[in-house]
Amino acid sequence: VATGAANDAYWNVWRQKAIDDGHGGGLLTSKITSIPSNGVYYTSHNDGFSIGSIAPSVTNFTLVARRGDVIVGSGLVNRTIDPDADGDNILMLTGKVESTKCSDPAMEISANQATLNGILWAPGGQIVFSGQHNTVNGSLVGYSIRLNASDTTIHYDSTLFTGSQQIVLLNYPLFEVIVVDDGST
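So, here is what we can say about the structure in this document. Everything quoted here is computed from the prediction, not taken from an experiment.

What counts and how
- Within each chain, residue numbers correspond to sequence positions counted from 1 in written order.
- Reporting of local features is limited, given that this is a predicted model, to residues whose pLDDT is at least 70; pairs of side-chain atoms are given and counted only at 80 or more, and all residues count toward the totals for whole chains, interfaces and linings.
- Excluding hydrogens and water, the side-chain figures rest on all heavy atoms present in the structure.
- Helix and strand definitions here come from DSSP, where helices need a minimum of 4 consecutive H or I residues and strands a minimum of 2 consecutive E residues; each element is numbered from the N-terminal end.
- In this scheme, a residue with accessible area under 20% of its type's maximum is buried, one over 50% is exposed, and one in between is partly exposed, where area comes from a 1.4 Å probe on protein chains only.
- Areas reported here follow the Shrake-Rupley algorithm with a probe of radius 1.4 Å; residue values treat only the protein chains shown as occluding.
- Should DSSP find at least two bridges between two strands, the strands are taken to pair.
- We call a set of buried Ala, Val, Leu, Ile, Met, Phe, Trp, Tyr and Cys residues a nonpolar core when their side-chain atoms join them within 4.5 Å.
- Contacts were defined at the residue level, with two residues in contact if any of their heavy atoms lie within 4.5 Å.
- In the sections that follow, a salt bridge refers to a side-chain nitrogen of Lys or Arg positioned within 4 Å of a carboxyl oxygen of Asp or Glu.

All right, on to the overall build of the chain then. Scanning the chain for helices and strands turns up 1 helix and 13 strands. Ordering the α and β elements of the chain from the N terminus gives α-β-β-β-β-β-β-β-β-β-β-β-β-β. Considering the chain as a whole, with its 185 residues, one finds that 44% of them fall into the buried category. Approximately 8,100 Å² of the chain is accessible, and the part contributed by carbon and sulfur atoms is 49%.

What follows is the structure, encoded as structure tokens:
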């Protein structure tokens, strides 16, 4: 993973958003296993996220793992989840780089009868999406993608990548941060 001021600044923005949403303290460096409330969650822990529960009141979140996996193993049944308002349309993001990018998951989502709105982004590894009767309104951006899902619909939403905000791309393989201004800022 690239180092340097631009790269650190990119991840520090996410860290600050999590702190502003009340998800700071030990969560910034610990493996995160539950989502108790709406907001941005960030961790620099090498194990990232392994979500076993999502509180019933949660309707929006953004999960950001600088170095670890993003695994959502339960809690996405009969749910609609949107990105947090501070999440720049990103639902889940991991900076983890897998050694065998085409076959090692950096992001795993298990859902049933769920609607996920936003960008699921794992450019350094595989995204594995499992379950049935799901809808994704957004985009899956990974080095590779494996769908173990039946009756799942993915609606690409190009509007998630445009607008007044700057678009930040993680340039694989170095994860150099590239900021692309769409001209409207």
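In terms of residue burial, strand E2 (residues 39-43) counts as a mostly covered element, since 5 of its 5 residues are buried. Of the pairings in the sheet, the one linking E2 to strand E4 (residues 61-65) comprises 5 bridges and is parallel in character. Within the sheet, the bridge partner assigned to Tyr41 lies in E4 and is Leu63.

By size, the foremost hydrophobic cluster in this structure holds 29 residues, and its most contacted members are Phe61, Leu63, Leu76, Met92 and Ile109. Those elements that place two or more of their residues in this core are strand E1 (32-35), strand E3 (49-54), E4, strand E5 (70-72), strand E7 (90-94), strand E8 (105-112), strand E9 (115-132) and strand E10 (135-150). Residue contributions to this core peak at 5 residues, all from E9. Those residues in contact with Leu76 that sit more than four places away from it in its chain are Ile54, Ile81, Ile109, Ser110, Ala111, Asn112, Ala114 and Leu116. By size, the runner-up hydrophobic cluster in this structure holds 13 residues, among which are Tyr10, Val40, Ile90 and Trp121.

Should their charged atoms come close, side chains of opposite charge can pair. Taken as a whole and judged by the stated rule, the model has 3 salt bridges. In this structure, Asp88 engages Lys17 in a salt bridge whose closest nitrogen and oxygen atoms are separated by 2.9 Å. Of this pair, Asp88 sits in the loop between strand E6 (80-81) and E7 while Lys17 is found in helix H1 (residues 5-20), placing the two residues 71 residues apart along the sequence.

Residue placement: Ser34 occurs in strand E1. For the pair Ser34 and Gly52, spaced 18 residues apart in the sequence, the C-alpha separation amounts to 5.9 Å. If sequence neighbours within four positions are ignored, Ser34 has contacts with Ile51 and Ser53.

Quick look at the environment of Thr135 now. Tracing the backbone through its elements, the reader meets Thr135 in strand E10. Given a relative accessible area of 22%, Thr135 falls into the partly exposed group. Separated by 55 residues in the primary sequence, Thr135 and Thr80 place their C-alpha atoms 9.2 Å from one another.

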